[in-house]
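Report on the structure
One letter stands for each residue in the lines below.
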Amino acid sequence: MVEPRILVAEDDLELRDLLLAGLRRAGFDAAGVGTGSDLLARTSSWAPHALIVDVGLPDADGRDVCQALRAAGSQVPVLFLTALDTRADRLAGFGAGGDDYVTKPFDFAEVVARIRALLRRADAPAAIEAGGLRLDPATHAAHLGEQGVTLTPTEFRLLAALAARPGEAVRRRTLIAAAWPDGAIVHDNTLDVYVARLRRKLAGIGADQTIANVYGVGFTLR
């Protein structure tokens, strides 16, 4: 059985070594880097299954690095590790394409549990089709005819939850449970950010479907 590859980007060498040792004991194939540039290079060459990224890297904001990965088409799940714990910080992390968020000091068992949850969710179900819109779990992309757009893992799970029930009102808590790992801190504003991004991406491929607000309930794909 192949051990999942976890890449840790943390400039504090002592903390990085502790994370790597713990991840290896938990059954992961773990490697570490100390800068954003090394993270980008190693992600390209090593193809990790998940990333643990410190927001405060010495050469770049970890959220900017995550956004660069998403812009390049990478869909690897990202767990942010940071001392920043305001709502604005969390929203910025999710807005940059992150999938989960753990603040320092942290319980290492929680980090492992969240990584395992991200890896489980990355194993997406079979393709979903709704009104000509096809969601491809292998590439985390949405297609309409010859047009396609890449989605982050969280965007994919959110759109899949809506596409599985076209025309139905899906409650906010149901969408959050489908798109984020158990225990993730997800505010209504975070969900709204992702819905806005999905609306832009669907419009970009000319999809007839739109994600409409169902006031007091949640959202619907119609």
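Residues numbered from 1 in each chain as written. Predicted model: local features only at pLDDT ≥ 70, side-chain atom pairs only at ≥ 80, totals over all residues. Heavy atoms only, no water.

To continue, consider the overall build of the protein chain. Within the protein chain one finds eight helices and twelve strands. For a compact globule of 222 residues, the expected C-alpha radius of gyration is about 17 Å, and the protein chain comes in at 17 Å, within 12% of that figure. With the C-alpha coordinates of the protein chain rotated into their principal frame, the extents come out at 50 × 35 × 35 Å. Burial status across the protein chain gives 50% buried among its 222 residues. Counting contacts in the protein chain only where the partners sit at least 6 residues apart, residues at least 24 apart contribute 59% of the total. (Helix = DSSP H or I, 4+ residues; strand = E, 2+ residues; numbered from the N terminus. Rg over C-alpha atoms; globule rule 2.2 N^0.38 Å. Buried < 20%, exposed > 50% of the residue type's maximum accessible area, 1.4 Å probe, protein only. Contact = heavy atoms within 4.5 Å.)

Quick look at the nonpolar core now. Counting 32 residues, the largest nonpolar core has Leu135, Leu158, Leu159, Leu175, Trp180, Leu191 and Ile211 as the members making the most contacts within it. Sorting the residues of this core by element identifies β6 (128-130), β7 (133-136), α6 (153-163), α7 (172-179), α8 (188-204) and β12 (218-221) as the ones contributing at least two each. With seven residues, α6 is the single largest residue contributor to this core. In this view, Leu158 contacts Leu175, Ala179, Leu191, Tyr194, Val195 and Leu198; residues no more than four positions away in its chain are not counted. Within the second largest apolar cluster, 18 residues are counted, among which are Leu23, Ala30, Ala50 and Leu79. (Core = buried A, V, L, I, M, F, W, Y, C linked by side-chain atoms within 4.5 Å.)

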